[in-house]
Amino acid sequence: MWLEATLGLMGGMGLLLYGMYIMSEGLQKIAGQKLRTVMSTLTQNRFIGLLVGAVVTVILQSSTATTVILVGLTSASIITLRQTLAVILGADIGTTITAQLIALKVTEIALPIVGIGATIIFFGKTGKYKRIGQAITGFGLLFLGLKIMSDVMYPLRDDPFFTNALMQISDRPVLAILLAAIFTFLVHSSAATIGIIMLLAMQGLVPLVSAVFLLFGANIGTSFTALISSLGSTREAQRVATAHLLFKLVGVLIFLPFVSPFANLVTWITPNSPGFQVANVHTIFNVAIALMFLPFTAQFAKFLEYIIPEKDMTVKEFKPRYLDDTLISSPSIAIGLATKEIIRVSDNVTEMVRKCDQLFKEYNPEMVEELLNKEEKVDQLSENINKYLTKIMRQSISRDDFNRCMGLVHIVKDYEHIGDVIEKNIVYLAESKYANNADFTPEGHREITVMLQRIIELMTVVNTAFVSNSCYMAEKAKMMQDDIIDLEFRLRMSHFARMQKGGKEVENTSSIFLDIINSYLRIGEHLSNIAMALTDEVSCTWHAEVELIYGPDNSIETGGLTK
């Protein structure tokens, strides 16, 4: 009997955890980019943040996963500590949904649910339907695992050794809390632990009071994973993980003296239903914590800043600020973090381009050193971004997400090439001009400045298109590049006309002048490539059609494209 029970528990637990995994993965793919948008934009209001935390946790089927994501987003400075506190409280409420479903005995229809999900996967012709089928199948496997564990545990209630062991735990509340916390940490799922606690209660193996202590341990244990994932991260991320742990610990300490009255109240609310009693204890506990702490999130944030102060050290400039490996399993969020890091690269490249004109007007070795340092920073950040995007593409991701990753790979490579043009061409030409003590004619100076200004305007449009994901701006950038090609040709002809007239200044700087405008043209080509990559992304195809016809403000563009 013990061998059968052990093997059954192992198999049931495996099915439960695997079901949660594929259900979470399927739901995340269905949610797509919206998950990151919701997490980063709808958390300004604490009450909406509470709701967002609950909904996202229902999607992820794990408050631990939600907290780990919050750690990454806070580390990347996408959301603030105060925003995350309300989301964490909501996440804890979200975990109670699974417990209520178990109490409703959804386990009895687990096999039909698996069959429906598998049928959708098998006959679904598009990725969308296959992902829906995956989520349904995972949902069924989760409850099938619980049913298997319930069936193999039933004979154990007549085993003296097993019942005595449970009685020992029941008589030692601290031991019960500790064991449940450790088990929850090991399986990385409070839902799995709570499911087992509910099965024990439904089989009559533990009284409700003992189940309450085990629930307290499960709630504490779910915060350990996020706490460990924050180690080595930013102070802000460590505060988020610590907040989750403190919410649970303080909640347990408040409820601990009132366990017996609390259990009696729940028994009175739902008599003769051990499953619902455990589920309701879990729900009431987490809702009570949310109501207690939600009005004081601002004060709690200050307390966390006090107990976890900022580090008194500077981080190397070239170190990625937003990339977080712990979030690669959530592709839509990881892609958003990579995008934010690329914006950082584009800001550095833009600064380099803006300094080019000053470099030719008044050569400064310190400015050259600054440009070379920025170029090294761009190279290292680009390398880290490419590795990060590669890791994302190795995951099981949707075609849209894969296309977005490939587009970002091309974009970051072109930004890197612009930095290379400045390092290997522009800086070299400026040094040659300075070493030969040569100077351009006033017309030559003006023309080089004009072309650089056009490049800067093009870069501004491209950067705006990238940040806002606007295909209208990307199309505008491609048209601007055509004008720059025409300008480069006219400046070249103008230079040849000056050469015919003769003059020492023109002769001494002829090759430098031509190489400069050619280098600027190459920068423009790389910016045009970025614009093309943006318009090729699936995510903005519809947006492009609308904006090309109506303009970004929905006003009809005169002379625009027609069907």
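Residues numbered from 1 in each chain as written. Predicted model: local features only at pLDDT ≥ 70, side-chain atom pairs only at ≥ 80, totals over all residues. Heavy atoms only, no water.

### Things to note about a nonpolar patch on the surface
Note the cut-off: A patch is a set of surface residues, each over 30% in relative accessible area and not in a salt bridge, joined within 9 Å for like charges and within 5 Å for the nonpolar side chains Val, Leu, Ile, Met, Phe, Trp and Tyr. We get accessible surface area from the Shrake-Rupley algorithm with a probe of 1.4 Å; when it comes to residues, only the shown protein chains can shield them. Any carboxyl oxygen of Asp or Glu that lies within 4 Å of a side-chain nitrogen of Lys or Arg is treated as forming a salt bridge with it. Going along the chain from the N terminus, every DSSP run of H or I of four or more residues is numbered as a helix, and every run of E of two or more is numbered as a strand.
On the surface, a cluster of nonpolar side chains totalling about 430 Å² of accessible area is made up of Leu265, Trp268, Ile269 and Ile284. Examining the composition of the nonpolar patch, we find that 3 residues originate from one element, helix H15 (residues 259-269), more than from any other. Take Ile284: it is sitting in helix H16 (residues 274-293).

### Let's talk about the packing of H15 against H16
Our working definition: Fitted lines through C-alpha atoms give the axes, limited to the stretch in contact for helices. The angle between two N-to-C directions lies from 0 to 180 degrees. Small angles under 35 degrees read as roughly parallel and large ones over 145 as roughly antiparallel, with 65 to 115 read as roughly perpendicular and the rest as oblique. It is the rotation of the near helix from the far one that decides the hand of a crossing: anticlockwise by less than a right angle makes it left-handed, clockwise makes it right-handed. Note on definitions: a residue-residue contact is assigned when non-hydrogen atoms from the two residues lie within 4.5 Å. Following the grouping adopted for this structure description, the nonpolar residues are Ala, Val, Leu, Ile, Met, Phe, Trp, Tyr, Cys and Pro, the charged ones are Asp, Glu, Lys and Arg, and the polar ones are all others, Gly among them.
Running from N to C, H15 and H16 cross one another at 120°; their axes reach a closest spacing of 10 Å. As summarised for this structure, H15 and H16 are arranged oblique, according to the angle between their axes. Crossing handedness for the pair H15 and H16: right-handed. Between H15, through Phe262, Val266 and Thr267, and H16, the contact on the second element is made entirely by Gln277, Asn280, Val281, Ile284 and Phe285. Its residues assigned to classes, the contact of H15 with H16 shows 5 nonpolar, 3 polar and no charged.

### Some points on the packing of aromatic side chains
The line we're drawing: Note on ring pairs: Phe, Tyr and Trp rings are taken, using the six-membered ring of Trp, and paired if centres are within 6.5 Å. Classes follow the plane angle, with under 30 degrees stacked, over 60 edge-to-face and the rest tilted. Residue exposure (1.4 Å probe, protein chains only): buried if accessible area is under 20% of the type maximum, exposed if over 50%, otherwise partly exposed. Two conditions define a charge sitting above a ring: the NZ of Lys or the CZ of Arg must be within 6 Å of the ring centre, and it must be within 35 degrees of the ring normal.
What the rule picks out here adds up to 11 aromatic pairs. The interplanar angle of 85° and the centroid separation of 4.9 Å between the aromatic rings of Phe122 and Phe123 together place this pair among those described as edge-to-face. For Phe122, a relative accessible area of 65% corresponds to the exposed category. Taking the relative accessible area as the measure of exposure, Phe123 reaches 59% and is therefore exposed. Grouped by ring-pair contacts, the aromatic residues Phe216, Phe255, Phe262 and Phe285 constitute a single cluster. Just above the ring of Tyr322 sits the side chain of Lys340; from NZ or CZ to the centre is 5.3 Å.

### Some words on helix H11 (residues 190-202)
Side chains that are three or four residues apart share a direction in an α-helix, a result of its 3.6 residues per turn. Test applied: Helices are assigned an expected span. That span is 1.5 Å times one less than the residue count.
Relative to the 18 Å expected for 13 residues at 1.5 Å per residue, H11 spans 18 Å between its end C-alpha atoms, a close match to the ideal helical length. Counting buried residues along H11, 12 of its 13 residues qualify, which places the element largely inside the surrounding structure. Every buried residue of H11 is accounted for by Ser190, Ala191, Ala192, Thr193, Ile194, Gly195, Ile196, Ile197, Met198, Leu199, Leu200 and Ala201. One or two residues past the end of H11 sits Gly204, with phi positive at roughly 75°.

### Focus: the environment of Val412
By the secondary structure assignment, Val412 is in helix H21 (residues 399-435). Through-space distance from the C-alpha of Val412 to that of Leu381 is 9.3 Å; in sequence the pair is 31 residues apart.

### Observations concerning the side chain of Thr96
Going by this rule: Nitrogen and oxygen atoms within 3.5 Å of one another constitute a polar contact, given that in protein one can donate a hydrogen and the other can accept it, and given that sequence-neighbouring residues count only through two side-chain atoms.
With respect to the secondary-structure elements, Thr96 resides in helix H6 (residues 96-103). Within polar-contact distance, the side chain of Thr96 engages the backbone oxygen of Ile93 at 2.6 Å. Other than its neighbours up to four places away in sequence, Thr96 contacts His282, Thr283 and Asn286.

### So, the confidence of the model for the protein
Which entries qualify depends on this criterion: For every residue, the pLDDT score states the predictor's confidence, bounded by 0 at the bottom and 100 at the top.
Per-residue confidence for the protein gives a mean pLDDT of 79; residues scoring 70 or more make up 81%. Residue range residues 313-317 is modelled with pLDDT below 50. Its contacts to residues more than four positions away, or to other chains, number 2 contacts. The low-confidence segment residues 538-563, where pLDDT is below 50, has 32 contacts with residues more than four positions distant or belonging to other chains.

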